[in-house]
Amino acid sequence: MNKIKLIISREYLTRVKKKSFLVMTLLGPILFAAMMIVPAWLASREDTEVRNIAVVDSSGIFINRIEDTEYIKFEYLQNKSIDEVRKEFPESEYYAVLQILPSITYEPSAVHLFSNTQPSFSIKSHIANSMEKELRNQKLRANGIDENVLKSIKSDVSIRTIQWTDDGEEKESSTEVNMAIGYASGFLIYFFIFLFGAQVMRGVIEEKTNRIVEIIISSARPFQLMMGKIVGIALVGLTQFLLWIVLTFIILTGVKTAFFPELGTQNAQDIVKQEVVVQDLFGQENIPQVETIQPQNFDKFSSILNAAKSIDYGVLFGSFIFFFLGGYLLYGSLFAAIGAAVDNETDTQQFMLPITIPLILGIVVMMNVVQNPDSPIAFWFSIIPFTSPIVMMVRIPFGVPYWELALSMGLLVITFIGSVWLAGKIYRTGILMYGKKTSYKELWKWLRYKS
Amino acid sequence: MDILTTHNIEKKFANHVALDNVSISIPENSIYGLLGPNGAGKTTLIRIINRITAPDKGEVLLNGKPLQPEDVNLIGYLPEERGLYKKMKVGEQALYLAQLKGLSKKESLKRLKMWFEKFEIQAWWDKKVEELSKGMAQKIQFVTTILHEPQLLIFDEPFSGFDPINANMLKQEILELKKKGSTIIFSTHNMGSVEELCDHITLINNSKNILEGQIDNIRKEYKSNIYEIAFNGETDKLASSLNPNYEIIEKIKVDGYNAVKVQIHKQTNENELLSLILPKVEIISFKEVIPSMNDIFIKVVNENKN
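Every value quoted in this text rests on a predicted model; they were computed, and no experiment measured them.

Undergrad: Account for the overall build of chain B, with residues named and values stated.
TA: When its secondary structure is counted, chain B shows 10 helices and 14 strands. Seen along its three principal axes, the alpha-carbon backbone of chain B occupies a region of about 75 × 45 × 35 Å. Taken over 306 residues, chain B has a buried fraction of 49%. In chain B, the proportion of contacts linking residues at least 24 apart, taken out of those at least 6 apart, comes to 68%.

Undergrad: Run through the pairing of strand β11 (residues 226-232) of chain B, naming residues and quoting values.
TA: Residue and element names in this part refer to chain B. Among the seven residues of β11, six are classified as buried, and the element is accordingly described as predominantly covered. Pairing analysis gives six bridges linking β11 to strand β14 (residues 282-288), with the strands arranged antiparallel. Within β14, the position partnered with Y227 by the bridge is E288.

Undergrad: So what's going on with a nonpolar patch on the surface? Residues and values would help.
TA: All names here are of chain A. Together, W403, L407, L411 and I414 make up an exposed nonpolar region whose accessible area comes to about 400 Å². Position of I414 relative to the elements: it lies in helix α16 (residues 402-430). In this structure I414 comes out as exposed when scored by relative accessible area, which is 58%.

Undergrad: I'd like a description of the packing of helix α6 (residues 175-210) of chain A against helix α13 (residues 349-371) of chain A, backed by residues and values.
TA: All names here are of chain A. At a closest axis distance of 9 Å, the pairing of α6 and α13 adopts a crossing angle of 175 degrees. Considering their axes alone, α6 and α13 lie roughly antiparallel with respect to each other. Facing M179, Y183, G186, F187, Y190, I193, F194 and M201 of α6, the residues of α13 in contact are M352, T356, L359, I360, I363, M366, M367, V370 and Q371. Counted by class, the contact of α6 with α13 contains 14 nonpolar, three polar and no charged residues.

Undergrad: I'd like a description of the pattern of salt bridges, backed by residues and values.
TA: Residues and elements named next belong to chain A. If you walk through the whole model with that rule in mind, you get 25 salt bridges over all chains. A salt bridge links E11 to R10; the nearest nitrogen and oxygen atoms lie 3.4 Å apart. For E11, a relative accessible area of 0% puts it in the buried group. What makes R10 buried here is its relative accessible area of 7%.

Undergrad: Quick rundown of the interface of chain A and chain B? Include the residues and the values.
TA: Contacts between chain A and chain B engage 24 residues on the former and 28 residues on the latter. Of the roughly 2500 Å² buried between chain A and chain B on both sides combined, carbon and sulfur atoms contribute 59%. Counting the contacts that link chain A with chain B gives three salt bridges. One salt bridge in this structure joins K17 of chain A and E92 of chain B, with 3.7 Å as the shortest N-O distance. At the junction of chain A and chain B, the tally comes to nine residue pairs in polar contact (both at pLDDT 80 or more). Those elements giving two or more residues to the side of chain A that touches chain B turn out to be α1 (2-16), α6 and α7 (213-217) of chain A. At six residues, α1 of chain A tops the list of elements feeding residues into the side of chain A that touches chain B. Looking at the side of chain A that touches chain B residue by residue, the classes come out as nine nonpolar, five polar and 10 charged.

Undergrad: Residue-level account of the nonpolar core, with values.
TA: Here is a general trend for soluble globular proteins: nonpolar side chains tend to be buried in one another's company. The biggest cluster of nonpolar side chains holds 153 residues, and the ones touching the most others in it are Y96, F155 and I201 of chain B. If one sorts the elements of this core by residue count, helix α12 (residues 313-341) of chain A sits on top with 14 residues. Ignoring sequence-local partners within four residues, the contact set of Y96 of chain B consists of L6, I7, R10 and I216 of chain A together with Y85 and M88 of chain B. Of all hydrophobic cores here, the second largest spans 18 residues; its members include F62, F74, A96 and L135 of chain A.

Undergrad: Report on helix α3 (residues 105-118) of chain B, specifying residues and quantitative values.
TA: All names here are of chain B. Taking 1.5 Å of rise per residue, 14 residues should cover 20 Å, and α3 covers 20 Å from first to last C-alpha, within 8% of that figure. Along α3, the residues that are buried comprise S108, R111, L112, W115 and F116. Angular distribution of buried residues about the axis of α3 spans 135 degrees; they occupy a single face of the element. Across from the buried face of α3, at angles greater than 90 degrees, the exposed residues are K106, K110 and K113. Buried residues in α3 make contact with α2 (90-100), α4 (134-146) and α5 (164-179). Just downstream of α3 lies E120, where phi reads positive at about 55 degrees.

Undergrad: Describe the confidence of the model for chain B, naming the residues involved and giving the relevant values.
TA: Here chain B averages 88 in pLDDT, and 100% of its residues register 70 or above. Scoring of the predicted complex yields 0.75 for pTM and 0.82 for ipTM.

Undergrad: I'd love a proper account of helix α15 (residues 388-395) of chain A, names of residues and values included.
TA: Residue and element names in this part refer to chain A. Summarising burial for α15: eight of the eight residues are buried, a large majority. Every buried residue belonging to α15 is among S388, P389, I390, V391, M392, M393, V394 and R395, and all of these are buried. Packing partners of the buried residues in α15 comprise α6, α12, α13, α14 (376-383) and α16.

Undergrad: A description of the packing of aromatic side chains should follow, citing residues and the corresponding values.
TA: This structure, assessed with the given rule, holds 22 aromatic pairs over all chains. Centroid distance F241 of chain A to F320 of chain A: 4.7 Å. Interplanar angle 25 degrees. Geometry classified as stacked. With F241 of chain A in helix α8 (residues 222-259) and F320 of chain A in helix α12, this residue pair connects regions lying 79 residues apart in the sequence. Across the pair, F320 of chain A and F241 of chain A agree in class, each one buried. Through a chain of ring-to-ring contacts, three or more aromatic side chains come together here, namely F191, F192, F196, F241, W244, F317, F320, F324 and Y328 of chain A. The ring of Y96 of chain B has R10 of chain A sitting right over it, with the charged end atom 5.5 Å from the ring centre.

Reading the values: the criteria
Here the residue numbers are simple positions, counted from 1 along each chain's written sequence. Here the convention is simple: chains get letters from A, ligands get numbers from 1, in the order in which they are written. Thresholds applied to this predicted model are a pLDDT of at least 70 for local features of residues and 80 or more for the giving and counting of side-chain atom pairs; totals over whole chains, interfaces and linings are not thresholded and use all residues. Hydrogens and waters are ignored; side-chain quantities use all the structure's heavy atoms. Where helices and strands are cited, they refer to DSSP runs of H or I of at least four residues and of E of at least two residues respectively, numbered from the N terminus. Using a 1.4 Å probe on the protein chains alone, a residue whose accessible area is under 20% of its type maximum counts as buried, one over 50% counts as exposed, and one in between counts as partly exposed. Any two residues whose heavy atoms approach within 4.5 Å at even a single point are treated as in contact. For two strands to pair, DSSP has to find at least two bridges joining them. Patch membership needs two things, relative accessible area over 30% and no salt bridge, and members are linked within 9 Å if like-charged or within 5 Å if nonpolar (Val, Leu, Ile, Met, Phe, Trp, Tyr). Under the convention used here, a 1.4 Å probe and the Shrake-Rupley method define accessible areas, while residue burial counts only the protein chains that appear. Salt bridge, as applied in this entry: a Lys or Arg side-chain nitrogen positioned within 4 Å of an Asp or Glu carboxyl oxygen. Helix axes are fitted to C-alpha atoms over the stretch in contact, other axes to C-alpha atoms as well, and angles between N-to-C directions run from 0 to 180 degrees. Orientation is classified from the angle alone, with under 35 degrees giving roughly parallel, over 145 giving roughly antiparallel, 65 to 115 giving roughly perpendicular, and any other angle giving oblique. Under the grouping applied here, Gly and all other residues not named as nonpolar or charged are polar, the nonpolar ones being Ala, Val, Leu, Ile, Met, Phe, Trp, Tyr, Cys and Pro and the charged ones Asp, Glu, Lys and Arg. Throughout, buried area stands for the accessible area (probe radius 1.4 Å) lost by two parts on being put together, summed over both. Nitrogen and oxygen atoms within 3.5 Å of one another constitute a polar contact, given that in protein one can donate a hydrogen and the other can accept it, and given that sequence-neighbouring residues count only through two side-chain atoms. Among buried residues, those of type Ala, Val, Leu, Ile, Met, Phe, Trp, Tyr and Cys that are joined through side-chain atoms within 4.5 Å constitute a nonpolar core. A helix is expected to reach a length of 1.5 Å times the quantity of its residues less one. Of all possible arcs, the one meant is that of the directions from the helix axis to the C-beta atoms. Looking at any residue, its pLDDT shows the predictor's confidence there, from 0 to 100. Stacked, edge-to-face and tilted are the three classes for Phe, Tyr and Trp ring pairs, Trp counted by its six-membered ring, which pair at centre distances within 6.5 Å; planes under 30 degrees apart are stacked, over 60 edge-to-face, the rest tilted. The criterion is that NZ of a Lys, or CZ of an Arg, lies within 6 Å of the ring centre and within 35 degrees of the ring normal, and then a charge sits over that ring.

Put into structure tokens, the structure is as follows:
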């Protein structure tokens, strides 16, 4: 028992002390944090340059009808032809020239925006939206329909999903939030199994090619060496995972207080206003509607917050650790067996395939399960141990009956015990075999050797 | 008293028999040579003694009792194909290997210090193994093999990769270990070092044990009444004095003198030979030719083939 502890601590310490571990540990959260902060930062840096756009409207419909915004101003140049404007353009201060042809009423493409640069998307969509609205209003008026009547019949539907839990409570849920969390956990498990499973394999190959393995197994049993390595690397994985969570949290709070101090004290109303501004930017809603939208928006946002809160993070976190360890032990032991069966990393391919296929299948099924977490496919793939670590993690945020979770976990435990036992047999024989290219037939023979 | 005995060990692999009914007994505090051609089964036998693999049949007794898992701490093993973790520091690695053999960290550190001083390699402590030469790494491996002062030491081709100076130092260390009470199993192809070091040998060929015993007895057993005579005078003159009971099988030079190897056929003895040649030439030396282990090895293995 002492020996396996020694082996675990060596495997753990040599890896944790490596520079690459430090780099990965620091880089991971920075990347995570950057993924969350950069879009927020970009959004907060609004474009503050005022741009003047000359309008040459030969249809005459849009004179003074396109709305100015804070940063986009329109100037209507009557009595000037587009050719004249074009000549003056280099000396003028116009950002762009908007030409509207008379055929605009029946030909949607009768609008041109000339510029010496590529006009931004928001300008383009603002112009298009304003013009669409103006055209629509004019057509409505021409048909004798009051604009206000139309506004009053405009309806919006947003569905709040609420789960009745088994203990009779109501729980607000959001499919989107569940999907996001499911995806993230599934991918993370997949990524961890591959990353650390391959480390086990490389470690075994290293010991074999270094020829230190015979020295060690004259002191400790091969099974102790194999399990020591697998457990040691699992601890490295857990350490990395926990450090990532802690560091991401620290970086996020640090950046938030340093750059976005207002976010910390923000109340729901502020959030709503921000939402409106964002929508405004894309020009989908116009200002007069803000008042009526506000409560609805507030609803949407708070329901996401509630849904995010409603997920049982204890269960989520606990099952993540369990399925990570279970899946990793299952695959890690198989990776160890492969490492023992070959002489160098290039020979691993033929044995890698049967391990890679179920993992990739898990990811493929995950895409489907996210859409439909209670389908028979979702059920079976989250019960079968080779894919359950990935697929079950996707289902957990949506809520999984306890008996299914227990069945899946139980089967996973039984399977990894079996795979560790099997891998131990291959490992024991394989680590002392050199120079022979191993086939599946050979592996079968090793399985039947007496210990 | 025998420290280690094996009874009728048998080990089969998929396509061949590695060991067939091998029984050896290794006397305590001896240096025991394990000889044999490549592929004879020596390494398999060593691995069985180390509990790395298990025999199909037969048993191994250590100190008269069946070998137990904990007994690996009483054995030190330097395999033929040996290596170290390349990226690990020398000191850390030596500590790790010592602790795997059951020594406490404190004790390991103390003993390692002693040995590193003795070999004057303290400067290597914080170096990575990949920075060392092969010979340097071999020294570290030797130290880690003997550090836990095991009763039984197994060296598989220990001299390969050592320069003559270090090989000699290693030889002295092995003799020193014997003096301190260890028993040493020594597997090698180098017959010179066998004659120099071993008390007992066993010769394994084709998975069978074909020759076992004390090295002096074996060599005496294989001598074939050949005498080497160095003398001052004409070889022809000497030859003319011999009767058909004696046959000159080789004419050689020894230290610049003429010399012959004479085979004595039965019913005579060396004194008669001496009295025949004494009047003819001036004798410088006269000695019985005891076969070298090299000759015995080749002879026995070839005989066994036929």
